[in-house]
Structure formats: structure tokens, C-alpha cells
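# Structural features, examined
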Amino acid sequence: MCSYLIGQGIRTVITACPNCTNIFRQYGHGLTVRTVYEILHANGKGNAVPATGDAVTVLDPCALRNDLPTQQAVRALLVDRGYTLVEMEHHGKLTLCCGEGGMVGAVNPERARGWADIRRKEAGDRRIVTYCAGCTGYLNRVIPTVHIVDLLCRPEAALSGNLNISRAPFTYWHRLGQKRRMKQEIRPKVQRTRPAMVNDPSISRLSRSISIKPPHQS
């Protein structure tokens, strides 16, 4: 992917996912990586609605614990929109896991719940705002938690808890629909279709299959 992007003259990649951000920074040699939150703040996208005065707190995802520019951008977006920011004890470099990281919930559910409970106690009666989809979904089970993109795009629904959040398998279905709409509505200067998905009949048949059988093991 990096070779393709650089070959097309791309020098900057904009990310929204903490783990995608780290992957590109670690392996994207020759590419500059910026989060979309930095871009939104730099372009003044935090001033779209009147001030609310609601007190919120920010959970910094583990993956971006050392990403000061993104942490500052997220907080600036909230302040620009009129939210009152109250920090939890553990934030920035000292942030704690929400409880979902590293599949701990599958291996040690009690420990995962313990981490989530720490975040709940630190947040108090304030809504948590984060910029990780995984943190949002996991913590929202124990305390009102919202992704900052939802808060920026649909503030009333996000604050009232009326967001209609999809769950598996509908998330995958919506992803396919979104890709289809983007292909119809967006005309990029450069686009790429993976050759294997188009030219390889076995791959095409496999993508239409409902179940995938594991390879034969001797």
C-alpha cells in the first residue's frame, strides 16, 4: 500500500483510527501521517454550533498515548464548541486502557471490567468523549461514552444518547453500502482496485461464499 501511494505522488495520509495511525507511522516510510482531528481543528471545524457549556472528559486511547498533537486537537475541538473540559486523573501519557485492549475481555473478563470501572469512577458524572471506536463501544456499556466524530456531526443525538449504533453483522453490511456510495459520489484523481479481486476467479467465488472452509491439514 505504501509503495502504491508513494508511486502516485501521495506524501500525506490522514487517519481516524488510532491503530491505523500507528501502523502507518511505523511502516509508512516516506509518508507523513496526520489524524483527521488535527485537520479538523486546523481548518476551524470546531465552531459550527453554539456553545453548550456541558462538562465532558476525554479518554485518550492507549495507542495514541504519546500523540500530543492529536490529544491537543481533540480537546481544542471540544473547547471550540463550548464544552467544559474536565480531565480524568489518567490522561495523555498516563492514560489507562478502557478494558477492551489486547482482547483482555476474552482472556480475563474480570480485569477488563476492572479497568472500565476505573474509567467510570474517574469520569464521575461527566460524559466521556474519545476518539477510538473500540473504547466508545466498550465503555458505553458502563458509562455514557461518545466518539468525537458523532459529537461533531450529530451533537444533539450524541448528547441525548439517541444515536442509532449498528452492531454485527449490520456493521459489515453498512460498510459495503458506504463503499458503494463513495464509488458513485466521489471521483478521486487516482483510485485503485485490487487486481486479485477482479481477475482471480477463485477469489471472486470466495468473496461470494457465505462460509469459508479451512484448508486441509494432513
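Read on for an overview of the structure.

Calculation notes
Residues numbered from 1 in each chain as written. Predicted model: local features only at pLDDT ≥ 70, side-chain atom pairs only at ≥ 80, totals over all residues. Heavy atoms only, no water. Pairing = 2+ DSSP bridges. Helix = DSSP H or I, 4+ residues; strand = E, 2+ residues; numbered from the N terminus. Contact = heavy atoms within 4.5 Å. Axes fitted to C-alpha atoms, helices over the stretch in contact; angles between N-to-C directions. Buried < 20%, exposed > 50% of the residue type's maximum accessible area, 1.4 Å probe, protein only. Core = buried A, V, L, I, M, F, W, Y, C linked by side-chain atoms within 4.5 Å.

The four strands lie next to each other as β4-β3-β5-β6, forming an open sheet whose pairing is parallel. Edge strands, defined here as strands with exactly one partner in the open sheet, are β4 (84-85) and β6 (145-147). Bridge count for strand β3 (residues 55-59) against β4 is two bridges, and the pairing is parallel. Directly across from Val56, in β4, lies its bridge partner Leu85. Sheet strands touched by helix α4 (residues 68-80): β3, β4 and β5 (127-130). Its angle to β3, the strand with the most contacts, is close to 165 degrees.

Before going further, it helps to spend a moment on the pairing of β3. Counting buried positions along β3 gives four out of five residues, so the element sits mostly inside the fold. Summarising the sheet, β3 and β5 pair through four bridges and their orientation is parallel. Considered in β5, the bridge of Thr57 is made with Ile128.

This part takes up the nonpolar core. Judged by nonpolar contacts, the single largest core of 18 residues is most densely connected at Tyr37, Leu78, Val129, Tyr131, Ile148 and Leu151. Sorting the residues of this core by element identifies β3, α4, α8 (148-153) and α9 (155-160) as the ones contributing at least two each. Broken down by element, the residue count for this core peaks at four residues, all from α4. Those residues in contact with Leu151, other than ones at most four positions away along the chain, are Leu78, Arg81, Tyr83, Val129, Val146, Ala158 and Leu159. Within the second largest apolar cluster, 13 residues are counted, among which are Ala112, Ala116, Ala123 and Ile128.

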